[in-house]
Amino acid sequence: MTHNQTISQDLRKAGLKVTLPRLNILEILEGAEQHHMSAEDVYKALLKQGSDVGLATVYRVLTQFEAAGLVTRHHFDGGQAIFELDTGDNHDHIVCMKSGKVSEFKDELIEKRLHEIAEELGYSLTDHKIILYGVYQDKDELAESSIS
Ligand SMILES: [Zn+2]
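Owing to the predicted nature of the structure, the values given are computational and were not obtained by experimental measurement. (Residues numbered from 1 in each chain as written. Predicted model: local features only at pLDDT ≥ 70, side-chain atom pairs only at ≥ 80, totals over all residues.)

Enquirer: Can you walk me through the sheet that holds strand 6 (residues 131-134) in this structure?
Expert: Working definition: the strands of a sheet are paired by backbone hydrogen bonds and lie parallel or antiparallel to each other. Strand order across the open sheet formed by three strands is 5-4-6, with mixed pairing between neighbours. Each of the sheet's edge strands pairs with one partner strand only, and the pair in question is strand 5 (102-105) and strand 6. The average angle at which neighbouring strand axes cross in this sheet is 25°, direction not considered. As paired elements, strand 4 (residues 92-96) and strand 6 share four bridges and run parallel to each other. Across the sheet, the residue bridging to valine 95 is tyrosine 133, located in strand 6. (Pairing = 2+ DSSP bridges. Helix = DSSP H or I, 4+ residues; strand = E, 2+ residues; numbered from the N terminus. Axes fitted to C-alpha atoms, helices over the stretch in contact; angles between N-to-C directions.)

Structure follows, in structure tokens:
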């Protein structure tokens, strides 16, 4: 099976008809190195591929993907909505307040504590979202600036 056929299958499984914009956008999300993307990031990646899909279409397709459970939309403070493929692994995020860079983490100790806290309050935990905000500094750049 070709890569395109796999993506077509993913679309059909999600109950979506296969169209070229949907194919292209899902392909970008699946292949993205930095897999937290704004609609504009996706739009720019499409442009680079020579596609003429407009920004409004990108928004519409991403919203359809969200409704179909293919992608998750995040609303981080101070930035645009960020989309990523929904892999179901339920990770948490830390966001740089300067650059908007997003990193992910998963911590078993925190997860365990969250369940305990919920239980103490009489809840059984079904979902959680943790977003940390900070300022990212590249470790290599830090080392360089301390030398010079
Ligand atoms: Zn993520």
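Enquirer: Looking at this model, I keep getting lost on the packing of helix 1 (residues 3-13) against helix 2 (residues 20-31). Mind explaining?
Expert: The relative placement of two packed helices comes down to the angle between their axes together with the axis-to-axis distance. One can describe the packing of helix 1 onto helix 2 by two numbers: an axis separation of 10 Å at closest approach and a directional angle of 105°. Between helix 1 and helix 2, the crossing angle belongs to the class labelled roughly perpendicular. Two secondary-structure elements touch here, helix 1 through Asn4, Ile7, Ser8, Asp10 and Leu11 and helix 2 through Arg22, Leu23, Leu26, Glu27 and Glu30. For the contact of helix 1 with helix 2, the per-class residue count stands at four nonpolar, two polar and four charged. (Parallel < 35°, antiparallel > 145°, perpendicular 65-115°, else oblique. Contact = placed C-beta atoms within 7 Å. Nonpolar A, V, L, I, M, F, W, Y, C, P; charged D, E, K, R; others polar.)

Enquirer: Quick question: what am I supposed to make of the packing of helix 2 against helix 3 (residues 39-48) here?
Expert: Two numbers describe how helix 2 lies on helix 3: the axes approach to 10 Å, and their chain directions differ by 105°. The pairing of helix 2 with helix 3 is recorded here as roughly perpendicular in orientation. Here helix 2 contributes Asn24, Ile25 and Ile28 to the contact with helix 3, which in turn contributes Val42, Ala45 and Leu46. Tallied by class, the residues present in the contact of helix 2 with helix 3 amount to five nonpolar, one polar and no charged.

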